[in-house]
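Given next are the chains, with one letter for each unit.
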Amino acid sequence: MKKLLYIICFSVTVAFSIGQSSCIRADISGETPQDNFEALWKIIDEQYCFLEYKKEEYGLDWDKIHATYSKRITQLMNSKELFEVLSDMLNELHDGHVNLSSAYGTSQYRAWFDNYPRNFSDSIQSNYLKKDYINTSGLTYQILENNIGYIYCSSFSNGIGDGNLDQTLKELECCDGLIIDVRNNGGGNLTTAKKLASRFTNEKILIGYIKHKTGPGHNEFSSPHPIYLEPSKGVRWQKKVAVLTNRRAFSATNDFVNSMKQLPSVTIIGDKTGGGSGLPFSSEIPNGWSVRFSASPMFDPEMNQIEFGIDPDKKVNMTSEDIERGKDTIIETACDILKN
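Just so it is clear, the structure is predicted and the values come from calculations on it, not from any experiment. (Residues numbered from 1 in each chain as written. Predicted model: local features only at pLDDT ≥ 70, side-chain atom pairs only at ≥ 80, totals over all residues. Heavy atoms only, no water.)

*Asks:* Would you take a moment to explain the layout of surface pockets for this structure?
*Replies:* Rolled over the atoms, a probe as big as a water molecule pinpoints where empty space is left. There is about 250 Å³ of room inside the second largest pocket. In this structure, the second largest pocket is lined by 13 residues; those nearest its centre are N127, Y128, K130, L144 and E145. Elements with a minimum of two residues in the lining of the second largest pocket: α6 (122-129), β6 (139-143) and α11 (329-339). Its residues placed into classes, the lining of the second largest pocket shows four nonpolar, four polar and five charged. (1 Å grid on protein atoms, 1.4 Å probe; cavity = no way out; pocket = protein on both sides within 12 Å on 5 of 7 lines; lining within 4 Å. Points joined across faces, edges and corners; volume = space filled by probe spheres on them. Helix = DSSP H or I, 4+ residues; strand = E, 2+ residues; numbered from the N terminus. Nonpolar A, V, L, I, M, F, W, Y, C, P; charged D, E, K, R; others polar.)

*Asks:* It is not clear to me how helix α9 (residues 252-261) should be interpreted in this structure. Could you clarify?
*Replies:* Residues that lie three or four places apart on an α-helix share one face, since the helix turns once every 3.6 residues. Counting buried positions along α9 gives nine out of 10 residues, so the element sits mostly inside the fold. Looking only at α9, the buried set comprises A252, T253, N254, D255, F256, V257, N258, S259 and M260. Here the buried face of α9 lies against β8 (177-181), α8 (190-197), β9 (205-210), β11 (241-245), β12 (266-270) and β15 (298-299). (Buried < 20%, exposed > 50% of the residue type's maximum accessible area, 1.4 Å probe, protein only. Contact = heavy atoms within 4.5 Å.)

*Asks:* How should I be thinking about the packing of aromatic side chains in this particular structure?
*Replies:* Each aromatic ring pair is specified by the distance between its two centres and by the angle formed by the two planes. On inspection of all chains with the given rule, the structure shows 11 aromatic pairs. A network of ring pairs unites the aromatic residues Y48, F50, Y53, F281, F293 and F308 as a single cluster. For K213, the ring lying beneath its charged end belongs to F221, and the centroid distance is 5.3 Å. One cation-aromatic arrangement involves R247 over Y116; the distance from NZ or CZ to the ring centre is 3.9 Å. (Phe/Tyr/Trp six-rings, centres within 6.5 Å; stacked < 30°, edge-to-face > 60°. Lys NZ or Arg CZ within 6 Å of the ring centre and 35° of its normal.)

*Asks:* Mind showing me how you'd approach the state of the cysteines here?
*Replies:* Two cysteines joined by a covalent bond between their sulfur atoms form a disulfide. Scanning the entire structure with this criterion turns up zero disulfides. C175 supplies the cysteine sulfur nearest to C174, a cysteine that is in no disulfide, at a spacing of 4.3 Å. (Disulfide = S-S within 2.5 Å.)

*Asks:* Can you help me understand the nonpolar core in this one?
*Replies:* The nonpolar side chains of a soluble globular protein tend to be buried with one another. Within the largest apolar cluster, 37 residues are counted, with the highest numbers of intra-cluster contacts made by I180, F200, V243, F256 and M260. Every residue in contact with V243, bar those within four places of it in the chain, is listed here: I180, V182, F256, V257, M260, V266, T267, I268 and I269. Residues Y69, V85, L100 and W289 belong to the second largest nonpolar core, which totals 32 residues. (Core = buried A, V, L, I, M, F, W, Y, C linked by side-chain atoms within 4.5 Å.)

*Asks:* Explain the pattern of salt bridges here, please?
*Replies:* Pairing is possible between side chains of opposite charge, provided their charged atoms come close. The full count for this structure, using the stated rule, is 14 salt bridges. Residue R199 pairs with D162 through a salt bridge whose shortest N-O separation is 3.4 Å. Of this pair, R199 sits in the loop between α8 and β9 while D162 sits in helix α7 (residues 162-171); the two residues are 37 residues apart in sequence, bridging distant segments of the chain. Overall, D162 belongs to the partly exposed group, its relative accessible area being 40%. Two residues, K204 and E230, come together in a salt bridge whose shortest N-O distance is 3.9 Å. With K204 in the loop between α8 and β9 and E230 in the loop between β10 (225-229) and β11, this pair connects stretches of sequence that are 26 residues apart. (Salt bridge = Lys/Arg side-chain N within 4 Å of Asp/Glu carboxyl O.)

Below you can see the structure in the form of structure tokens.
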């Protein structure tokens, strides 16, 4: 039986100014369907950070999951059938941040956002952006007809330059308020999200806490480590801000919304975010498939888990009447709040 050494590596060098790196090594023997099933189940059992939390929230029993899904494993099943079973098992975690990647594709828990209203339309958004919008460093911005500044951030995967941020905020400084739209932003780099958030505070502020796994037990974590948002040294916005959210705003975007929610001049408007705030962690099972999941839980300043998303200050859904008129109910609500 072939022996495969797999390595689990986790590094956080830039996220929220935390510098930490750890690497766990373990020997896994065998490449049968059962071997791969056991390896994946054990990795989640020992390293995934939300097992106890989700047991409390919706009754997740990871030992019972093992008993249920092991019955679906046979020695004669092919790789595609194995991938389907392992994907189904991971979906029991109800976590869009958990993915198994293979030659057959990447598993995804789509109910994370498919069970909720979309609350976003790029065709309606174009009615507000018009044709003379500006796009720079992943940010698209425009001054709306009511003199409200509008910035759409579709992803935090690409870096946002400080010089570009300075220029963007200077261009919008004549506006009465600012909308930052992060709907449908699936996340990306935490440092990029933090860089944008730092433009909206004039003082160092506590935005939450993080814990790190210290052992294989479901409750083996370090003490909470505080996370602060430092004010940028560049141009900082001094007027009111509305952040627009929907269920497809998750991962680093979820953390961005949590940061902005702690600032007194900011109102979060729209739908609850998608969640997924645990810092990503990658590993591999014997057949070479990779699995990505959360291993370090993050909390708001009151030590509330933000894994399942962040509630807006003002809950708003796009209405069918507004959609027929080519209007975005969430943008319109944000404008009313900023103007008044």
